[in-house]
Amino acid sequence: MKKTMYEKIWDSHLVHEPKNGTPLLYIDRHLMHEVTSPQAFEGLRVQHRPIRNRHSILATMDHCVPTVDRHLPIKDPIAAKQIDTMANNCSEHDLLIYDMQSVNNGVIHIVVPEHGFIHPGMTAVCGDSHTATHGAFGALAFGIGTSEVEHVMATQTLQQQKSKTMLISVEGTLSKYSTAKDIALAVIGKIGTAGGTGHVIEFAGSAIRDLTMEGRMTLCNMAIEGGARAGLIAPDETTYAYLKGKEFAPKGEHWAAALAYWKSLPTDDGAIFDTIVELKAEEIAPQVTWGTSPEQVVAVNETVPSPSDFSDEIKASACKGALAYMDIEAGAAITDINIDLVFVGSCTNGRIEDFRAIAELTAGKKVNASVQAIAVPGSYLVKEQAEKEGLDKILVAAGWEWRDPGCSMCLAMNGDQLGEGQRSASTSNRNFEGRQGKGGRTHLVSPAMAAAAAIEGHFVDIRNWA
Ligand SMILES: CC(C)[C@H](C(=O)O)[C@@H](O)C(=O)O
Ligand code: SF4
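From a predicted model like this one, the values you see are computed outputs, not experimental measurements.

(A) Here's a closer look at the domain arrangement of the chain. Partitioning the chain into structural domains gives domain 1 (5-275) and domain 2 (286-464). Here domain 1 and domain 2 have C-alpha centroids that lie 24 Å from each other. With six residues, helix H6 (residues 180-191) is the single largest residue contributor to the side of domain 1 that touches domain 2. Taken together, the residues that form the side of domain 1 that touches domain 2 break down as 15 nonpolar, 17 polar and eight charged.

(B) The arrangement of the site of ligand 2 in detail. Inspection of the region around ligand 2 gives 13 residues, with Ser-346, Cys-347, Cys-407, Cys-410 and Leu-411 positioned closest. The residue makeup of the shell around ligand 2, split by class, is five nonpolar, six polar and two charged. Looking at which domains feed residues into the shell around ligand 2, each of domain 1 (5-275) and domain 2 (286-464) gives three or more.

(C) Quick look at the sheet that holds strand S6 (residues 123-126). Pairing is parallel across the open sheet formed by five strands, whose spatial order is S5-S4-S3-S6-S7. Each of the sheet's edge strands pairs with one partner strand only, and the pair in question is strand S5 (96-98) and strand S7 (140-143). Strand-to-strand twist in this sheet, taken as the mean axis angle between neighbours without regard to direction, amounts to 20°. The pairing of S6 with S7 spans four bridges and is parallel. The partner of Ala-124 across the bridge, within S7, is Ala-141.

(D) Region of interest: unusual backbone geometry. Even without being a glycine, Asp-69 presents a positive backbone phi close to 45°. Mapped onto the elements of the fold, Asp-69 is located in the loop between strand S4 (57-60) and helix H3 (77-92). One non-glycine residue with positive phi stands out, namely Asp-94, at about 55°. Mapping Asp-94 onto the fold places it in the loop between H3 and S5.

(E) Broad picture of the site of ligand 1. In the neighbourhood of ligand 1, the contacting residues comprise Val-35, Thr-36, His-63, Asp-128, Ser-129, His-130, Gly-143 and Leu-411. Looking at the shell around ligand 1, its residues break down into two nonpolar, five polar and one charged.

(F) Up close: the environment of Glu-225. Here Glu-225 lies in the loop between helix H8 (213-221) and strand S11 (230-233). Residues Glu-225 and Ala-184, spaced 41 residues apart in sequence, show a C-alpha to C-alpha distance of 9.0 Å. Beyond its immediate sequence surroundings of up to four residues, Glu-225 is in contact with Ile-188, Thr-193, Pro-294, Asn-429 and Arg-430.

(G) Here's a closer look at the packing of helix H13 (residues 352-362) against helix H15 (residues 391-398). Close contact between H13 and H15 brings their axes to 9 Å; oriented N to C, the two are set at 50°. Relative to H15, the element H13 lies oblique. Relative to H15, the crossing made by H13 is left-handed. Two secondary-structure elements touch here, H13 through Phe-355, Arg-356, Ile-358, Ala-359 and Thr-362 and H15 through Leu-391, Ile-394, Leu-395 and Ala-398. In terms of residue class, the contact of H13 with H15 is built from seven nonpolar, one polar and one charged.

(H) View of the sheet that holds strand S12 (residues 275-280). The sheet built from four strands is open, its strands ordered S11-S10-S9-S12 with parallel pairing. If you trace the sheet from one side to the other, it starts and ends with S11 and S12, each paired once. The sheet shows a mean angle of 20° between the axes of neighbouring strands, direction not considered. Of the strands in this sheet, strand S9 (164-171), strand S10 (199-204) and S11 touch helix H1 (residues 5-13), which is tilted by about 130° from S10. In the packing of H6 onto the sheet, contacts are made with S9 and S12, and the angle to S12 comes to roughly 125°.

(I) Local environment of the UniProt feature "binding site: [4Fe-4S] cluster" (unreviewed entry) in the chain. According to UniProt, the feature "binding site: [4Fe-4S] cluster" (unreviewed entry) maps to Cys-347, Cys-407 and Cys-410 in the numbering used here. The annotated residues occupy 64 residues of the chain but converge on a single region, no pair of C-alpha atoms lying more than 8.7 Å apart. One can find Cys-347 in helix H12 (residues 346-349). Look at Cys-347 and you get buried, because 28 C-beta atoms sit within 10 Å. When you line up the elements, Cys-407 lands in the loop between strand S17 (401-402) and strand S18 (423-426). Ignoring sequence-local partners within four residues, the contact set of Cys-407 consists of Asp-62, His-63, Val-107, Ser-346, Met-413 and Asn-414.

(J) Representation of the nonpolar core within the structure. Judged by nonpolar contacts, the single largest core of 138 residues is most densely connected at Val-342, Ile-358, Met-449 and Ala-450. Domain assignment of the residues forming this core places at least three in each of domain 1 (5-275) and domain 2 (286-464). Apart from residues lying up to four places away in sequence, Val-342 is in contact with Val-371, Ala-373, Ile-374, Ser-424, Ala-425, Ala-450, Ala-453 and Ala-454.

(K) Spatial organisation of helix H5 (residues 146-155). Within the sequence span of H5, burial applies to Val-149, Glu-150, Val-152 and Met-153. Seen end-on, H5 carries its buried residues on one side only, within an arc spanning 165°. Against the buried residues of H5 lie strand S3 (29-32), helix H2 (38-47), S6 and strand S8 (157-159). After H5 finishes, the residue Gln-156 shows a positive phi value of roughly 65°.

(L) Representation of the packing of H13 against helix H16 (residues 447-456) within the structure. With their axes 8 Å apart at the nearest point, H13 and H16 run at an angle of 35° to one another. For the crossing formed where H13 meets H16, the hand is right-handed. Here H13 contributes Asp-354, Ala-357, Ile-358, Leu-361 and Thr-362 to the contact with H16, which in turn contributes Pro-447, Ala-448, Ala-450, Ala-451, Ala-452 and Ile-455. Its residues placed into classes, the contact of H13 with H16 shows nine nonpolar, one polar and one charged.

Rules used in this analysis
Residues numbered from 1 in each chain as written. Chains lettered and ligands numbered in written order. Predicted model: local features only at pLDDT ≥ 70, side-chain atom pairs only at ≥ 80, totals over all residues. Domains from an automatic or database assignment. Helix = DSSP H or I, 4+ residues; strand = E, 2+ residues; numbered from the N terminus. Nonpolar A, V, L, I, M, F, W, Y, C, P; charged D, E, K, R; others polar. Near = placed C-beta within 6 Å. Pairing = 2+ DSSP bridges. Axes fitted to C-alpha atoms, helices over the stretch in contact; angles between N-to-C directions. Contact = placed C-beta atoms within 7 Å. Parallel < 35°, antiparallel > 145°, perpendicular 65-115°, else oblique. Left-handed = near helix turned anticlockwise from the far one by under 90°. UniProt positions renumbered as here; feature names shortened; annotations may be inferred. Buried ≥ 20, exposed ≤ 12 C-beta atoms within 10 Å, placed from the backbone. Core = buried A, V, L, I, M, F, W, Y, C linked by C-beta atoms within 7 Å. Arc of directions from axis to C-beta.

Okay, structure coming up:
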């Protein structure tokens, strides 16, 4: 039988499939951060259960960590407690953690690939919805709840319903200044935030193969915003080159054996997907969200829609609510929207090529006087690399703030946040009401679009600006 990559990974990890129950999957890698793990550790403690395989776990601290003055004690007592609890739990169980002071610290979905901890064909979980990021390596990676975190720690397995399969094919070549982020937003604009419900998406086509690993991670990261359980991209030479030599990548004869296995993973010719969606890369313009859901998105050269543009009543009423919250008029040109703050960072766009992109556009220019621009590298390794390349100097000279790594303003749990009514251009993945601070208004964009908006004080079509 011809199989999709998802089916191959599923079959090779299936531990048990009861007749009338939920299948049980073997889990290879377990990622952790401070927000969704404390109750799971507590559950183990209460039941006197050990961790089955501590080597399957890699932990970090990211959501609550400050991005400035990190040497000082954390002011927020809740954040401080979460950080302490995480440190104690990891030391009690002798788990590998990149804590706040570690040179490897950063956002979980940034640091895990940097060390080659996830390989093609693996299953990986984390108490975090953006675990989908690691599908970029051809691994089946998805978010789980805290009680499942406990279950995986204790048993190395997870009860899981089998998903349907969706192929999203993007053929052609992206135009200059359209990025993986724009593919992600265009896909969600097309299928909607519920479009992928019940599915694992495989992204394929020449535009996907042309993406770097960083771009592939950006795209898979947002599969969850399209409602999918996970995103997947077939491993290829780009994947192998990225992994080779990394700390946790297979070495010597193990590398050759791993490579042979990885090469067997791509979907067989003729395998059947439940759903197929096709996009043409040339038609994907730089995208900007105008509303409070990632599907409320248009191309930068378009205008803000009006409720009457939607035949679906629910979407029309969502449009009305979003326009009111965002304080923008139907029919307004996207390029007329002024912004107060620019945030470049997050597990979607906090990687080295994102900072290269903003530095390239910023060099020799100045951040608009009305804008605060914040660059938050996804990890200390990204920060170090950027500094080696002098990107920080370009950004700081233009008026950007150059911070320490963390989730930061992606969800405003660490004190970095928008004020009431402030408007951001943000490279993160969610524009929900209040996501970046109570009353804050978020427009999701690519790093390049964010950098140009920082300079002009409003969105610009970078295709005819730079
Ligand atoms: C805190 C965590 C559970 C949450 C997630 O699951 O994604 C966060 O990372 C987010 O991006 O909203
Ligand atoms: S950077 Fe944002 S999306 Fe990613 S894990 Fe942190 S809060 Fe979640």
